[in-house]
Amino acid sequence: RLLPAGEAAPAEGGFQVSGVIHPAPNGIEVTASLTGDTADALWTGVFARPLPTTNPGEAAGDVAHGIVRELVPFRGPLHDRGRHWLDEQRRPLQAVNSYVCLLTYRLARETGDSNNIADSLACYERLLLQQPDQPLALSAVAWLETRALANRELPGRELNASLQDPLQRAERAGGLAPQRSIAHDHVATIKNWQMRFDAAQESSVEALRLNPLNTDARANYAIILARALEWMLAGEQAALAIRDAAFPSPWYFYPAALNAFRSGQLDEAIMNGQIAAEFANGEVATVVTLAAANEANRKDLVGTLRPRLMSMENLRRTGIMPWLAGQITDVSVLDRIADDLKAAGVPQDALTGPF
């Protein structure tokens, strides 16, 4: 039971998944239900699968995959009551526990919003006072600190020293819980920002080995691969992350947009870029979308995106291309974007310096 706003924090647990298997043409049909502590059905799903001739267990695994895909994400039914509870709370939160902090982390990771990141950091700071060796808390704080640094640091600044504390925290979490996929994914994020791309890829592969359904880790792997110029694999991993996620976060679409732009699929780049721009301040996605719109001769979209781009504070304080070079490592892509932005009416001074 979730108490009204201002009372006790919700606790994780009290859910059960059950189901019925029916024979179906050429396979099986599973009706699965999620129930809570009141025994009311919170979710029902129907999954029809062909029955493999060699290994019937594959059908069961495929159904389990489908159930987890629907239930577990932050926007899924498992966390529905928790999300509503969190939305109703005043800040600072009156009470915290591991589940409440997990909700704040999931919201911060989904949105990239600075306020959500600060909110989650505050939650975990209180939790770690009570449980200083809680692996998920240590790992989440490492990611949150890294994202906060990436949001405010100027591009081109050496981040290795600044990220040492978050990296040590994430690696400590991985040592305390080596089977937790999320800890390896967070290590990969930090090493990516340190431009240690080979090491970041190794951590991503381990995160996905431990949990192939960790779509955050897969989308993050796509971003790392793009920064390492492994474009074909980056595109494949981005597409898999979006396909496997029942509720893909906006940032999943960023590597897909960038890869589509690079390969000349302009309509796809525009579509994915517009979704990706909903994450955080949306600078990179907006730049890529504007460049693609220019090449596609979408003058209406250029007219909408150019003033938005010119108002973005991170770009204004450094210049568009110097800032973008901290996010995209492919020089040929950067040169093409610069040409497109200039053709779209962005002043040369804004491309190269503060404005």
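In this report, the structure presented in the accompanying data block is examined. (Residues numbered from 1 in each chain as written. Predicted model: local features only at pLDDT ≥ 70, side-chain atom pairs only at ≥ 80, totals over all residues. Heavy atoms only, no water.)

## Observations regarding the nonpolar core
Most often, soluble globular proteins have nonpolar side chains that are buried together.
Piece 1. Of all hydrophobic cores here, the largest spans 53 residues; its most connected members are Ile320, Ile337 and Leu341.
Piece 2. Not counting residues up to four positions away in its chain, the partners in contact with isoleucine 337 are Phe261, Val287, Val288, Ala291, Met321, Leu324 and Ile328.
Piece 3. Listed in part, the 29 residues of the second largest apolar core include Leu103, Cys123, Val141 and Trp143. (Core = buried A, V, L, I, M, F, W, Y, C linked by side-chain atoms within 4.5 Å. Buried < 20%, exposed > 50% of the residue type's maximum accessible area, 1.4 Å probe, protein only. Contact = heavy atoms within 4.5 Å.)

## So, the sheet that holds strand β2 (residues 27–35)
Piece 1. Taken together, the 3 strands give an open sheet; going across it, the order is β1-β2-β3, and neighbouring strands pair in antiparallel fashion. Of all strands in the sheet, those with a lone pairing partner are β1 (16–24) and β3 (41–50), marking the two edges. Geometrically, the sheet is characterised by an average inter-axis angle of 15° between neighbouring strands, direction not taken into account.
Piece 2. For β2 and β3, the ladder comprises 9 bridges, and the chain directions are antiparallel. Note on β3: the bridge partner recorded for leucine 34 is tryptophan 43.
Piece 3. Against the sheet, helix α1 (residues 57–71) contacts β1, β2 and β3, and its axis sits at roughly 145° relative to β3. (Pairing = 2+ DSSP bridges. Helix = DSSP H or I, 4+ residues; strand = E, 2+ residues; numbered from the N terminus. Axes fitted to C-alpha atoms, helices over the stretch in contact; angles between N-to-C directions.)

## Concerning the packing of aromatic side chains
Piece 1. Counted by the stated rule, this structure contains 4 aromatic pairs.
Piece 2. Each member of the aromatic cluster is reached from another via a ring pair, and the members are Trp251, Tyr252 and Phe279.
Piece 3. Here the basic side chain of arginine 227 rests over the ring of tryptophan 193, its NZ or CZ set 5.4 Å away from the ring centre. (Phe/Tyr/Trp six-rings, centres within 6.5 Å; stacked < 30°, edge-to-face > 60°. Lys NZ or Arg CZ within 6 Å of the ring centre and 35° of its normal.)

## Some points on helix α6 (residues 164–176)
Piece 1. Taking 1.5 Å per residue as the helical rise, α6 with its 13 residues ought to reach 18 Å, and the 18 Å between its terminal C-alpha atoms agrees with that figure.
Piece 2. For α6, the complete set of buried residues consists of Pro166, Leu167, Ala170, Ala173 and Gly174. Buried positions in α6, seen along its axis, are confined to an arc of 125° and lie on one side of it. Turned more than 90 degrees off the buried face of α6, the exposed positions are Asp165 and Gly175. (Expected span 1.5 Å × (residues − 1). Arc of directions from axis to C-beta.)

## Concerning the pattern of salt bridges
Piece 1. On inspection of all chains with the given rule, the structure shows 14 salt bridges.
Piece 2. The salt bridge involving arginine 109 is made with aspartate 216; its shortest N-O contact spans 3.9 Å. Linking arginine 109 in helix α3 (residues 98–111) with aspartate 216 in helix α9 (residues 215–227), this pair joins segments that are 107 residues apart in sequence. Across the pair, aspartate 216 and arginine 109 agree in class, each one buried. (Salt bridge = Lys/Arg side-chain N within 4 Å of Asp/Glu carboxyl O.)

## A look at the packing of α3 against helix α5 (residues 135–152)
Piece 1. The interhelical angle for the contact between α3 and α5, taken along N-to-C directions, is 25°, at an axis separation of 11 Å. Of the possible angle classes, the one that applies to α3 and α5 is roughly parallel. Here the hand of the crossing between α3 and α5 comes out left-handed. Of the residues in α5, those in contact with Leu102, Tyr105, Ala108 and Arg109 of α3 are Leu136, Ala140, Trp143 and Leu144.
Piece 2. Of the residues contributing to the contact of α3 with α5, the split by class is 7 nonpolar, no polar and 1 charged. (Parallel < 35°, antiparallel > 145°, perpendicular 65-115°, else oblique. Left-handed = near helix turned anticlockwise from the far one by under 90°. Nonpolar A, V, L, I, M, F, W, Y, C, P; charged D, E, K, R; others polar.)

## A word on unusual backbone geometry
Piece 1. For the peptide bond that leads from arginine 91 to proline 92, omega is 0°, which places it in the cis range.
Piece 2. Checked against the element boundaries, proline 92 lands in the loop between α2 (80–88) and α3.
Piece 3. The residue leucine 229 is not glycine, and still its phi comes out positive at about 65°.
Piece 4. You can see leucine 229 is positioned in the loop between α9 and α10 (231–244).
Piece 5. In the Ramachandran plot, alanine 280 falls in the positive-phi region, its phi being about 50° despite a non-glycine side chain.

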